[in-house]
Amino acid sequence: MSAADTIGFVGLGVMGGPMCRNVAKKHAGRVLMLDRDAAAVAALSDTKAEAASSFEALAAAADVIFLSLPGGPQVEAVSSAIALAARPGTTIVDLSTTPVALARSVSERLKAGGFHFADAPVARTREAAQRGELSIMVGAEPQVFARIGPLLGYMGSDVTHCGEVGCGQVVKLINNALVFENTLALAEMMVVGERAGVKPETLLGAVSKGSGDSFVLRNHGIKAMLPRNFPDKAFPPEYVLKDLDYVLQLAADTGIRPGVAELARRYYDAACKQGLSGRYFPGVIEFIEKGGRLGEGRG
């Protein structure tokens, strides 16, 4: 991709907004942005990114279009609209988390119209997105990855080519399942430790120096569960359930029944129904503290 290429960015939410900001800051060419929330667009008014007058205008002008959307249905709908408005040869890069099969079907439909596609879901925290230090897992044909790699470098410090289209989603879904499961396990042990007489800050400090250390402990444990900081408009359990459903479908497609992921889904589903809905997902520790009961769930 040329430094003079026009980049379009659709979806300026919790992760999309910071990612678009980094693109606008680092890309030499024109950057167009679009979101249904006027406040999300206004939040980037201090950058060179231009608010597109319409989706069609953005799609027609951009050489590369990044998508940062809530999930599979939105990605499918927006990709179909792009195919009607964009020029053949345009590259669409989906930064969202979607089912693997959907990424591959969207790619095939776009390819038939003369477009290029890559799934490039992102991992790490909102703060990492703000710093441009995301981990980005990419599924793409080698020649497409070679073209978009430098652009993804605007947003991520670790960009990994995982294989053909869909492989980025495979890796991302596995990453997320491990985070959700680890968060749940940590929450349980924090409650056990405190009730057995160990202060939570002492527990986390000691475990962080041992083999039980983890990214989840240092981020979700220390920054969220310890201070009980579970804000709205962060990553809520509804998104956890969406991603775990994608994981369970992927596992079923490969002939595996993942019992740990199924159990985690039951916990987050019950927590969502008992007060955590809309709040940051590590708040599952409050559900455990209260002795919350699991619903039947899946599995």
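Residues numbered from 1 in each chain as written. Predicted model: local features only at pLDDT ≥ 70, side-chain atom pairs only at ≥ 80, totals over all residues. Heavy atoms only, no water.

Peer 1: For this particular structure, what's the right way to read the pattern of salt bridges?
Peer 2: For the structure shown, the criterion picks out 14 salt bridges. The partner of Arg109 in a salt bridge is Glu76, and the shortest N-O contact between them spans 3.1 Å. Of the two residues, Arg109 sits in helix H5 (residues 100-112) while Glu76 sits in helix H4 (residues 72-85), which places them 33 residues apart along the sequence. For Arg109, a relative accessible area of 42% puts it in the partly exposed group. With relative accessibility at 31%, the residue Glu76 sits in the partly exposed group. A salt bridge links Lys273 to Asp269, with the nearest nitrogen and oxygen atoms 3.0 Å apart. (Salt bridge = Lys/Arg side-chain N within 4 Å of Asp/Glu carboxyl O. Helix = DSSP H or I, 4+ residues; strand = E, 2+ residues; numbered from the N terminus. Buried < 20%, exposed > 50% of the residue type's maximum accessible area, 1.4 Å probe, protein only.)

Peer 1: I'm lost on the environment of Pro150 in this one. Help?
Peer 2: In this structure, Pro150 sits in helix H7 (residues 142-152). Once the C-alpha coordinates of Pro150 and Met190 are considered, the two residues, 40 residues apart in sequence, prove to be 41 Å apart.

Peer 1: Help me understand the environment of Leu58 in this model?
Peer 2: Note on placement: Leu58 falls in helix H3 (residues 55-61). Sequence separation between Leu58 and Ala85 is 27 residues, and the spatial gap between their C-alpha atoms is 8.7 Å. Beyond its immediate sequence surroundings of up to four residues, Leu58 is in contact with Gly8, Phe9, Val10, Leu32, Met33, Leu34, Ala52 and Ile65. (Contact = heavy atoms within 4.5 Å.)

Peer 1: So what exactly am I meant to see when it comes to the packing of aromatic side chains here?
Peer 2: Aromatic ring pairs are defined here through the distance separating the ring centres and the angle between the ring planes. Tallied over the full model, the rule gives nine aromatic pairs. Taking the centre distance of 5.9 Å and the plane angle of 75° together, the rings of Phe235 and Phe281 count as edge-to-face. Taken together, the positions of Phe235 in the loop between helix H10 (215-225) and helix H11 (237-253) and Phe281 in the loop between helix H12 (259-276) and helix H13 (284-289) put the pair 46 residues apart, joining distant regions of the chain. You can call Phe235 partly exposed: its relative accessible area is 27%. Judged by its relative accessible area of 3%, Phe281 falls in the buried class. Through successive ring pairs, a cluster of aromatic residues spans Phe180, Phe235, Tyr239, Tyr268, Tyr280 and Phe281. For the cation-ring pair, Lys242 lies above Tyr239, with the distance from its terminal atom to the ring centre recorded as 5.9 Å. (Phe/Tyr/Trp six-rings, centres within 6.5 Å; stacked < 30°, edge-to-face > 60°. Lys NZ or Arg CZ within 6 Å of the ring centre and 35° of its normal.)

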